[in-house]
Amino acid sequence: MDAEIDIVDLTPDSAPAAARLCERALDLPEDAAEAAVLVDALWTRAAADRPVVALGAYRGSELVGVLIGSLSAVDQKLGHVDLMAVAPEHRRRGVGRALLAAGEQRLAGLGAGEVLLAGNPPYYAWPGIDVRYTPAVCAALALGYRQDRTAWNMTADLSYDGSPALRSTEAAERRLAGQGVTVRRAEPADLPALAALARDTFGGTWDAELAGSVGRAGAGCHLAERDGEVIAFAAYGSSRPSWFGPMGTTPAAEGSGIGGVLLRRCLSDQREAGHDSAQIGWVGPVPFYSRSAGARIERVFFLYRRTLGNQ
Ligand SMILES: CC(C)(COP(=O)(O)OP(=O)(O)OC[C@H]1O[C@@H](n2cnc3c(N)ncnc32)[C@H](O)[C@@H]1OP(=O)(O)O)[C@@H](O)C(=O)NCCC(=O)NCCS
């Protein structure tokens, strides 16, 4: 490692500097554009819910690298690296290696026995390492990680009026109304029912993602109800404004076209907010999104893990 690099725990007042660094260091424009939102979600917002590690690499007084990590909400023995970025002009000089070693040490100190280079919902920037961040893939392999899963996003095109992602939902909503199903935007008062549905029917952390979507700026959620009971939901923007998900329909209501309606209502909101495409994150049922929104598989992620204590 370069002798002049210091790795330090960052305090929350460094968040703007960390965001500025990520803007420069995340090589994919779609990620650079959301750098500040990501730092806010993974660090500031996540820290209210789970242990978070935020490390900076300094060369003198200059911040040249950042790592944000956290403990899993489902298994406290699992640590996650949520984001790591090194300024382009400081790469291949051991900064990433030093940040990761220090991150692993901090996560071990919090009780982690294993570290994942993979998204830690409900606050996550990516499911894993986008394969186009090829230096990060190389670094993961060099630093003792093994790939255990692959994940992908789908892209919905919101850039033109005739896009299948923006197809009108009116006729389908009329048909659903005939079956006693109402579709509307979710309000904060709906959260308890939404969270209960997500928890009881789908498990995982979707209830927390819904809490991050309903009523928050840049985010939103639409739901379907029958006889006053929520039977389906679709949400967007909980960690990233341009990302869609999660969505769920109760098994009894599946196959009635509710999902496609809720999906396109969300995508239409995202277009309204100025996005010319939306990422359907960490998919899921490819044929459904292809059919309902003309979405195509685009971003592919490798997920890595390493048991601590063995190199
Ligand atoms: C991934 C990243 C953080 C690595 O930072 P870094 O400071 O350059 O990493 P290091 O210098 O410590 O490299 C450690 C090892 O990784 C491997 N590696 C890193 N970059 C590599 C590259 N471009 N090609 C091949 N191997 C590479 C090497 O084995 C390297 O060791 P070596 O230089 O002794 O051969 C940096 O490239 C980056 O910020 N990329 C953009 C953001 C990103 O992809 N983040 C990950 C997604 S969250």
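The shown structure was predicted, so the numbers you read here are calculated from the model rather than taken from an experiment.

## Let's talk about the environment of A217
Thinking step 1. You can see A217 is positioned in the loop between α8 (206-211) and β9 (220-226).
Thinking step 2. Between the C-alpha atoms of A217 and A25, which are 192 residues apart in sequence, the distance is 26 Å.

## Some details on the domain arrangement of the chain
Thinking step 1. Structurally, the chain comprises domain 1 (5-125) and domain 2 (155-299).
Thinking step 2. Facing the 10 residues of domain 1 at the interface are nine residues of domain 2.
Thinking step 3. Among the residues forming the side of domain 1 that touches domain 2, the class breakdown is nine nonpolar, no polar and one charged.

## Observations regarding the packing of helix α6 (residues 170-178) against helix α9 (residues 258-272)
Thinking step 1. Relative to each other, α6 and α9 sit at 135°, their axes nearing to 10 Å. Considered as vectors, α6 and α9 are oriented oblique to each other. In this structure, the crossing between α6 and α9 has a hand that is left-handed. Mapping the contact onto sequence places A172, E173 and L176 in α6 and I258, G260 and V261 in α9.
Thinking step 2. In terms of residue class, the contact of α6 with α9 is built from four nonpolar, one polar and one charged.

## Section: the site of the ligand
Thinking step 1. For the ligand, the set of nearby residues contains 21 residues, the closest of which are R91, G96, Y133, C138 and A142.
Thinking step 2. If you list the elements that add at least two residues to the shell around the ligand, you get β4 (78-86), α4 (95-109) and α5 (134-142).
Thinking step 3. Broken down by class, the residue content of the shell around the ligand amounts to 14 nonpolar, two polar and five charged.

## Digging into the nonpolar core
Thinking step 1. Counting residues in hydrophobic clusters, the biggest one holds 52 residues, and the most contacted among them are C22, L42, A85 and L99.
Thinking step 2. The residues touching A85, leaving out its near neighbours within four places in the chain, are L21, C22, A25, L26, G65 and V66.
Thinking step 3. Membership of the second largest hydrophobic core comes to 40 residues, among which are A186, V214, Y236 and V283.

## Re the packing of α9 against helix α10 (residues 286-293)
Thinking step 1. Contact geometry of α9 with α10 gives a least axis separation of 10 Å together with a crossing angle of 65°. Here α9 lies roughly perpendicular to α10, going by the angle between them. Crossing geometry of α9 relative to α10 is assigned as right-handed. For the pair α9 and α10, the contacting residues are G259, G260, L263, R264 and L267 in the first and F288, S292 and A293 in the second.
Thinking step 2. Classifying every residue of the contact of α9 with α10 by side-chain character gives four nonpolar, three polar and one charged.

Definitions and limits used
- Residues numbered from 1 in each chain as written.
- Predicted model: local features only at pLDDT ≥ 70, side-chain atom pairs only at ≥ 80, totals over all residues.
- Helix = DSSP H or I, 4+ residues; strand = E, 2+ residues; numbered from the N terminus.
- Domains from an automatic or database assignment.
- Contact = placed C-beta atoms within 7 Å.
- Nonpolar A, V, L, I, M, F, W, Y, C, P; charged D, E, K, R; others polar.
- Axes fitted to C-alpha atoms, helices over the stretch in contact; angles between N-to-C directions.
- Parallel < 35°, antiparallel > 145°, perpendicular 65-115°, else oblique.
- Left-handed = near helix turned anticlockwise from the far one by under 90°.
- Near = placed C-beta within 6 Å.
- Core = buried A, V, L, I, M, F, W, Y, C linked by C-beta atoms within 7 Å.
- Buried ≥ 20, exposed ≤ 12 C-beta atoms within 10 Å, placed from the backbone.

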